[in-house]
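Chain by chain, the residues:
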Amino acid sequence: MRPPLRTTRSDPNSELACSRTRTTSSSTMLGKYGMQILRRLASKTWEHTRQRKKPAGAGSRVLTDVREVFEFNAWDHVQWDEEQELAAQAAVAKNSASKMEAEQKDRFQSDAPKFWDSFYGIHDNRFFKDRHWLFTEFPELAPLTTDAAEQQPRRIFELGCGVGNTILPLLQYSSEQKLRVSGCDFSARAIEILRSQPQFDEKRCEVFVMDATLDQWQVPFEENSQDIIVMIFVLSAIEPKKMQRVLDNCYRYLRPGGMLLFRDYGRYDLAQLRFKSGKCLEDNFYVRGDGTMVYFFTEEELRGMMTKAGLKEEQLIVDRRLQVNRGRGLKMYRVWIQTKFRKPL
């Protein structure tokens, strides 16, 4: 699962006109506060919703009045009540009660690179999305000073780089001549697409195909050499019993003082709750319809694995977000986990 796509703001006057012609069932679709919302739309200016995905300036958008839930596309730091937590637990218990047969499970795990090749073959470069949150959530990746005399060499390695959702913004927005970016992916097709992008700069970037679950990585750099290793929605695609090995290798290749930046799916994310029975490989580990796999983490699991690898915690947060479909009156609860762990000096 990838970060949410950008949405296009509709014309407020047209939307209001359509709202007025809807029947009572339309307000029912909006939920308990449907009519209040329509009245607010009629009376309030739309200027404050110009940036619906992200509030102006720094900070987060917190929902303090439930009647305003459909005024923006997303709300941060959403607290779940006990009823919602129990409902999520029940949904997961139901969709994971029946596990996939061992033979099927082995096929999905052994053929993982083929399924990812197929995924990128279908989506091609249309899959590339600008991660507008990248430098906000991970300022460590942001371009350094533009003064060439003051620039220090730095090396960044992305594990599971896909078609360049992280690497291409790094290359595009940074003019650092001493920046060296490396990336690897399961999928040969993804690497092919990445190399074909106009933003790709082979003088500062090297990408290659690699199975990150192997004991020994075949990489074009030495151990203890990387300033930053990035893993964004990657570890979740790996068989749980192999995850620790991946993190151990991250530790090996980070320089002392280097940092591992991580973002992935959290337990009870909407994507987990939507799985049907028969798609569960093992607890909290599922196979999607396209054959790719996904795991949903807890804070404790990640903290335990990172610490076991020898890394020191600097950040570990659960990002609980409410996304809404304003046209259909839908609420979608997302859960992601973001961490920053450093290799001791």
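Scroll up for the structure.
Quantities reported herein were computed from a predicted structural model and do not represent experimental measurements.

Asks: In this structure, what is going on with helix α4 (residues 82-95)? I would like to understand it.
Replies: Each α-helix turn comprises 3.6 residues. Residues three or four places apart therefore point the same way. If you check α4, its first and last C-alpha atoms are 20 Å apart, about what 14 residues at 1.5 Å a residue would give, namely 20 Å. Q84, A88, V92 and N95 are the residues of α4 that are buried. In a view along the axis of α4, the buried residues occupy a sector of 75°, so they form one face of it. Away from its buried face, by an angle of more than 90 degrees, α4 presents the exposed residues E82, E83 and K94. Where α4 is buried, its residues contact α11 (270-273), β7 (280-282), β8 (285-287) and β11 (330-342).

Asks: What's the story with the sheet that holds β8 in this structure? I'm lost.
Replies: By definition, the strands of a sheet pair up through backbone hydrogen bonds, in either a parallel or an antiparallel sense. Within the open sheet, the 3 strands sit side by side as β7-β8-β9. Their pairing is antiparallel. Pairing within the sheet leaves two strands with one partner each, and these edge strands are β7 and β9 (293-295). Averaged over all adjacent pairs, the angle separating strand axes in this sheet is 30°, with direction ignored. Taken together, the 3 bridges between β8 and β9 define a ladder with antiparallel strand orientation.

Asks: Would you mind going over the nonpolar core with me for this structure?
Replies: Within soluble globular proteins, side chains that are nonpolar generally end up buried alongside one another. Among the nonpolar cores identified, the biggest contains 38 residues, and F157, L159, W217, M231 and L235 are the most heavily contacted of them. At the level of elements, β2 (154-159), β5 (226-232), α10 (240-253), β6 (254-265), β8, β9, α12 (299-308) and β11 are the ones that each hand at least two residues to this core. With 5 residues, the top contributor of residues to this core is α10. Excluding residues that lie within four positions of it along the chain, W217 makes contacts with F157, L159, M210, A212, V246, N249, C250 and Y253. I167, L171, Y265 and F275 belong to the second-largest nonpolar core, a separate cluster that totals 36 residues.

Asks: Is there a simple way to explain the pairing of β6 in this structure?
Replies: Remember that side chains alternate between the two faces of the sheet whenever the strand is regular. Of all 12 residues in β6, 10 are buried, a share of seventy percent or more. Two strands pair when backbone bridges link them, and β5 and β6 are joined in this way by 6 bridges, in the parallel orientation. Pairing of V230 across the sheet is with L261, part of β6. Once the chain exits β5 it traverses α10 before rejoining the sheet at β6, and the crossover so formed is right-handed.

Asks: Is there a simple way to think about the packing of aromatic side chains in this case?
Replies: Between two aromatic rings, the relevant description is the distance of the centres plus the angle of the planes. Within this structure, the stated rule accounts for 14 aromatic pairs. With 6.4 Å between their ring centres and 75° between their planes, F275 and F296 make a pair best called edge-to-face. Remark: F296 occurs in the loop between β9 and α12 and F275 occurs in the loop between α11 and β7; sequence separation between them is 21 residues. You'll find F275 and F296 in the same group, each marked buried. Ring-pair connections join several aromatic residues into one group, and the members of that group are F157, F208, W217, F221 and Y253. Here K343 stacks its cationic end above the ring of Y251, 4.5 Å away from the centre of that ring.

Analysis parameters
Residues numbered from 1 in each chain as written. Predicted model: local features only at pLDDT ≥ 70, side-chain atom pairs only at ≥ 80, totals over all residues. Heavy atoms only, no water. Helix = DSSP H or I, 4+ residues; strand = E, 2+ residues; numbered from the N terminus. Expected span 1.5 Å × (residues − 1). Buried < 20%, exposed > 50% of the residue type's maximum accessible area, 1.4 Å probe, protein only. Arc of directions from axis to C-beta. Contact = heavy atoms within 4.5 Å. Pairing = 2+ DSSP bridges. Axes fitted to C-alpha atoms, helices over the stretch in contact; angles between N-to-C directions. Core = buried A, V, L, I, M, F, W, Y, C linked by side-chain atoms within 4.5 Å. Right-handed = clockwise from strand over helix to strand, strands pointing away. Phe/Tyr/Trp six-rings, centres within 6.5 Å; stacked < 30°, edge-to-face > 60°. Lys NZ or Arg CZ within 6 Å of the ring centre and 35° of its normal.

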